[in-house]
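Next come the chains, spelled out residue by residue.
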Amino acid sequence: MINLKDLTFEELEKLISDIGEPKFRAKQIFTWICRGVSSFDEMTDISKNLRSKLAEISYLSNVKIAEKYISKIDGTRKYLVELDDGNKVECVAMFYKHGITVCISCQVGCAMGCKFCASTIGGKIRNLTPGEILDQVICVQKDVGERISNIVMMGIGEPLDNFENVIKFLKNVNHEYGLNIGYRHISLSTCGLVDKIYKLSEYNFPLTLSISLHAPNDKIRKTIMPVANKFSVDELITACKKYIENNSRRISFEYAIIKGVNDSDECALLLADKIKGMLCHVNLIPVNNVEENKFEKPDKNHIIKFKSILESKGINVTVRRELGSDISASCGQLRRANSNK
Ligand code: SAH
């Protein structure tokens, strides 16, 4: 049995014509899926006959909200959602003046092993399917009751380690018959799988690529990110330059600033030197304390100093605003807390 939600629109069209139905039915079905129906019977403008034909060969996966927390400070909503097999992942809805952004997960757990990250502690259980990734957006949109305008792939998992499914998801979420969210309103965050960055840049999707850099050189990066043993900072920066060249999009470098690890003046200078002249932006994230590790954020003045060193070298920098700080925010913590229960 196939999950209809996992098909791209073109694959759905093919399936529909293979079972002897006119192609325009695919548009109707695709639209229903993106509205969040959980059964074929809800597709009321489709004949009973076609509905039962579909039920013979396919099914519709569902994600449901297992836990939900709403920040009293800023309204941020954090969700633990349950997949059909009982696995759980996290998503977050953040409310901005320009619209609503949803942060979604792409894997159950993560294989990347970054030392400061809660998502990777139990390793990777499995990839999410394209439908399961899309369903998080649909599910949050239904819960919030307003159109989602932006997506960040910054939840649990490494998007480029689930490449094919993420590509299908991107095509579907962007599709005019579906949620129709423009690539310019989507950010994909990666710990830096260099080979996959080259592959992604060939698609020419004008999405924002976020690179979890977190260190200006290999020596420090290797102490916090195992992926640094596979790809050097220089190889990563070269891939980013290629991405910018292909997509004409500004890259965002994420830098989780950690006391005593990557927060020296020297680190700031080295970082500025590595990325100077690039169409890019640095996002400083005061590291979130995770129970299982001992990383601490530097104090505020120190972060401001780090920022001003970068700025003095002509780099665009922001310090990430902490949203939902009262609802156990950083990525992977909710799922961990739930599985520890
Ligand atoms: N695997 C992808 C997507 C995860 S995005 C990636 O690595 O980019 C989540 C972002 O939050 C990444 O930049 C990640 O490095 C960062 N992050 C994870 N744990 C964190 C913590 N404890 N404090 C601050 N940032 C953290």
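Predicted model, so just to flag it, every value in this text is computed and none were measured.

Criteria and cut-off values
- Residues numbered from 1 in each chain as written.
- Predicted model: local features only at pLDDT ≥ 70, side-chain atom pairs only at ≥ 80, totals over all residues.
- Heavy atoms only, no water.
- Helix = DSSP H or I, 4+ residues; strand = E, 2+ residues; numbered from the N terminus.
- Rg over C-alpha atoms; globule rule 2.2 N^0.38 Å.
- Buried < 20%, exposed > 50% of the residue type's maximum accessible area, 1.4 Å probe, protein only.
- Near = heavy atom within 4 Å.
- Polar contact = N/O pair within 3.5 Å; in protein donor to acceptor, adjacent residues only side chain to side chain.
- Areas by Shrake-Rupley, 256 points an atom, 1.4 Å probe, with all protein chains shown as cover.
- Nonpolar A, V, L, I, M, F, W, Y, C, P; charged D, E, K, R; others polar.
- Salt bridge = Lys/Arg side-chain N within 4 Å of Asp/Glu carboxyl O.
- Contact = heavy atoms within 4.5 Å.
- Arc of directions from axis to C-beta.
- Pairing = 2+ DSSP bridges.
- Axes fitted to C-alpha atoms, helices over the stretch in contact; angles between N-to-C directions.
- 1 Å grid on protein atoms, 1.4 Å probe; cavity = no way out; pocket = protein on both sides within 12 Å on 5 of 7 lines; lining within 4 Å.
- Points joined across faces, edges and corners; volume = space filled by probe spheres on them.
- Right-handed = clockwise from strand over helix to strand, strands pointing away.

**With respect to the overall build of the protein**
Here comes step 1: Helices and strands together make up the secondary structure of the protein, namely 11 helices and 14 strands.
Here comes step 2: In summary, the protein has a C-alpha radius of gyration of 21 Å against a globular reference of 20 Å for 341 residues, a match within 12%.
Here comes step 3: Counting only C-alpha atoms, the protein reaches 70 × 45 × 35 Å along its principal axes.
Here comes step 4: Put simply, the protein has 341 residues, and 55% of those count as buried.

**Notes on the site of the ligand**
Here comes step 1: Phe 116, Ser 189, Ser 212, His 214 and Asn 288 are the nearest of the 18 residues found near the ligand.
Here comes step 2: The separation between an oxygen atom of the ligand and a polar side-chain atom of Ser 212 is 2.6 Å.
Here comes step 3: A total of 540 Å² of accessible area belongs to the ligand in isolation, and the protein chains cover 94% of it.
Here comes step 4: Broken down by class, the residue content of the shell around the ligand amounts to eight nonpolar, eight polar and two charged.

**Re the pattern of salt bridges**
Pairing between side chains of opposite charge can happen when their charged atoms approach one another.
Here comes step 1: The final tally for this structure, using the stated rule, is 19 salt bridges.
Here comes step 2: Across the pair Lys 168 and Glu 11 runs a salt bridge, and its minimum N-O distance is 3.1 Å. You can see Lys 168 sitting in helix α5 (residues 163-174) and its partner Glu 11 sitting in helix α1 (residues 9-18), a full 157 residues away along the chain.
Here comes step 3: What makes Lys 168 partly exposed here is its relative accessible area of 25%.
Here comes step 4: On the basis of relative accessible area, Glu 11 is assigned to the partly exposed category, the value being 30%.
Here comes step 5: In this structure, Arg 77 engages Asp 143 in a salt bridge whose closest nitrogen and oxygen atoms are separated by 2.9 Å. Of this pair, Arg 77 sits in strand β4 (residues 77-82) while Asp 143 sits in helix α4 (residues 130-144), placing them 66 residues apart in sequence.

**Some remarks on the side chain of Asn 87**
Here comes step 1: Assignment of secondary structure puts Asn 87 in the loop between β4 and β5 (88-96).
Here comes step 2: For Asn 87, the side chain forms a polar contact with the side chain of Asp 85, separated by 3.0 Å.
Here comes step 3: With residues near it in sequence (within four places) discarded, Asn 87 still touches Val 81, Glu 82, Val 108, Ile 125 and Arg 126.

**Some points on α1**
Here comes step 1: Turning to α1, its buried residues number three or more, namely Phe 9, Leu 12, Leu 15 and Ile 16. Down the axis, α1 shows its buried residues gathered within 120° of arc, on one side only. With respect to the buried face of α1, the exposed residues turned more than 90 degrees away are Lys 14 and Asp 18.
Here comes step 2: Along its buried surface, α1 packs onto β1 (2-3), α2 (24-35), α3 (48-57) and α5.
Here comes step 3: The positive-phi residue at the C-terminal boundary of α1 is Gly 20, with phi of around 80°.

**Considering the sheet that holds strand β10 (residues 186-190)**
Here comes step 1: The mixed open sheet is built from 10 strands, whose spatial order is β3-β4-β5-β6-β9-β10-β11-β12-β13-β14. One side of each edge strand has no neighbouring strand; the edge strands of this open sheet are β3 (64-70) and β14 (317-319). Going from strand to strand, the sheet's axes swing by 20° on average, the running direction of each strand aside.
Here comes step 2: Note: strand β11 (residues 208-212) against strand β12 (residues 251-257), three bridges, orientation parallel. If you follow Ser 212 over to β12, its bridge partner there is Glu 254.
Here comes step 3: Those strands touched by helix α10 (residues 300-312) are β12, β13 (280-286) and β14, and its axis lies near 165° from that of β14.

**Notes on empty space enclosed by the protein**
A water-sized probe rolled over the atoms picks out the places where empty space is left.
Here comes step 1: For the structure on display, the rule yields one cavity of 30 Å³ or more.
Here comes step 2: Approximately 40 Å³ is the volume found for the largest cavity.
Here comes step 3: The wall of the largest cavity is formed by Leu 4, Lys 5, Leu 7, Leu 12, Phe 30, Ile 33, Leu 134 and Asn 172.
Here comes step 4: Counted by class, the lining of the largest cavity contains six nonpolar, one polar and one charged residues.

**Notes on the pairing of β13**
Here comes step 1: Burial runs high along β13: seven of the seven residues are buried.
Here comes step 2: Examined bridge by bridge, β12 and β13 share seven bridges and lie parallel to one another. If you follow Ile 251 over to β13, its bridge partner there is Cys 280.
Here comes step 3: In the classification by handedness, the crossover that spans β12, the intervening helix α9 (residues 265-275) and the parallel β13 is right-handed.
Here comes step 4: By the bridge criterion, three bridges tie β13 to β14 in an arrangement that is parallel. Note on β14: the bridge partner recorded for Val 282 is Val 317.
Here comes step 5: For the handedness criterion, the β-α-β arrangement of β13, α10 and β14 is classed as right-handed.

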